[in-house]
Amino acid sequence: MTKTNKIVLAALVLALATTGFAQDTVPANDANNNAGLEAIGKGLALGLAALGTGWAQSRIGSSLVGAAAEDSSKLGQLLLVFLLPETLVIFGFLALFLI
């Protein structure tokens, strides 16, 4: 681990620690105790779905270009296969609204 990496890691840890100490206290009967956790869950639901879709489409896209170069008559069918991973983002949106 280089010296620069150690400095960046230490700065990140200190920044996260200071934000944790800066939080206000919340009364025990407040209904929004878990509002921050809900926001994190929503962000993870949509973000991970989008990352999975991007990864899948990058792999499928490179194969699609190679297959289309060999036989261009099957381009329509191949584009349909390319669009199938987009359903992952739709499921991410669904999870985002259900949380």
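Cut-offs used in this document
Residues numbered from 1 in each chain as written. Predicted model: local features only at pLDDT ≥ 70, side-chain atom pairs only at ≥ 80, totals over all residues. Heavy atoms only, no water. Helix = DSSP H or I, 4+ residues; strand = E, 2+ residues; numbered from the N terminus. Buried < 20%, exposed > 50% of the residue type's maximum accessible area, 1.4 Å probe, protein only. Areas by Shrake-Rupley, 256 points an atom, 1.4 Å probe, with all protein chains shown as cover. Axes fitted to C-alpha atoms, helices over the stretch in contact; angles between N-to-C directions. Parallel < 35°, antiparallel > 145°, perpendicular 65-115°, else oblique. Contact = heavy atoms within 4.5 Å. Nonpolar A, V, L, I, M, F, W, Y, C, P; charged D, E, K, R; others polar. Polar contact = N/O pair within 3.5 Å; in protein donor to acceptor, adjacent residues only side chain to side chain. Patch = residues over 30% accessible without salt bridge, like charges linked within 9 Å, V, L, I, M, F, W, Y side chains within 5 Å. Salt bridge = Lys/Arg side-chain N within 4 Å of Asp/Glu carboxyl O. pLDDT = per-residue confidence, 0-100.

**Details of the overall build of the protein chain**
Line of reasoning, step 1. For the protein chain, the count of helices and strands is 4 helices and 0 strands.
Line of reasoning, step 2. The order of helices and strands in the protein chain, counted from the N terminus, is α-α-α-α.
Line of reasoning, step 3. Residue burial in the protein chain is summarised as follows: out of 99 residues, 12% are buried.
Line of reasoning, step 4. Accessible surface for the protein chain amounts to roughly 7,900 Å². Of this, 70% is attributable to carbon and sulfur atoms.

**Let's talk about the packing of helix 2 (residues 35–70) against helix 4 (residues 86–98)**
Working note: a packed helix pair is described by the angle between its axes plus the distance between those axes.
Line of reasoning, step 1. Interaxial distance between helix 2 and helix 4 falls to 8 Å at its minimum, and their mutual angle equals 180 degrees. With respect to their mutual orientation, helix 2 and helix 4 come out roughly antiparallel. Within the contact between the two elements, helix 2 uses Lys42, Ala45, Leu46, Ala49, Ala50, Gly52, Thr53 and Gln57 and helix 4 uses Glu86, Leu88, Val89, Gly92, Phe93, Ala95 and Leu96.
Line of reasoning, step 2. The residue makeup of the contact of helix 2 with helix 4, split by class, is 9 nonpolar, 4 polar and 2 charged.

**Comments concerning the side chain of Thr53**
Line of reasoning, step 1. Within the secondary structure, Thr53 sits in helix 2.
Line of reasoning, step 2. Relative accessible area serves as the criterion here: at 4%, Thr53 is assigned to the buried category.
Line of reasoning, step 3. Here the side chain of Thr53 touches Pro85 through a polar contact of 3.2 Å, landing on its backbone oxygen.
Line of reasoning, step 4. Look past the residues within four positions of Thr53 in its chain and what remains in contact with it is Pro85, Glu86, Leu88 and Val89.

**Remarks on a nonpolar patch on the surface**
Line of reasoning, step 1. Where nonpolar side chains cluster on the molecular surface, the patch consists of Leu37, Ile40, Leu44, Leu48 and Leu51 and spans about 550 Å² of accessible area.
Line of reasoning, step 2. Note on placement: Leu51 falls in helix 2.

**A word on the packing of helix 2 against helix 3 (residues 75–83)**
Line of reasoning, step 1. For the pair helix 2 and helix 3, interaxial distance at closest approach is 9 Å and the crossing angle is 175 degrees. Relative to helix 3, the element helix 2 is oriented roughly antiparallel. Across the interface between the two elements, Gln57, Ile60, Gly61, Leu64, Ala67 and Ala68 from helix 2 touch Leu75, Leu78, Leu79, Val81, Phe82 and Leu83 from helix 3.

**Some details on the confidence of the model for the protein chain**
Line of reasoning, step 1. When pLDDT is averaged across the protein chain, the result is 79; 82% of the residues are at 70 or more.
Line of reasoning, step 2. The least confident element of the protein chain, judged by mean pLDDT, is helix 1 (residues 3–21) at 73; the most confident is helix 2 at 86.

**Here we look at the environment of Leu75**
Line of reasoning, step 1. Mapped onto the fold, Leu75 is located in helix 3.
Line of reasoning, step 2. Along the sequence, Leu75 and Val65 sit 10 residues apart, while their C-alpha atoms lie 9.1 Å from each other.

**Quick look at the side chain of Gln57**
Line of reasoning, step 1. Structurally, Gln57 can be placed in helix 2.
Line of reasoning, step 2. Filtering out sequence-adjacent residues up to four positions away, Gln57 remains in contact with Phe82, Leu83, Pro85 and Glu86.

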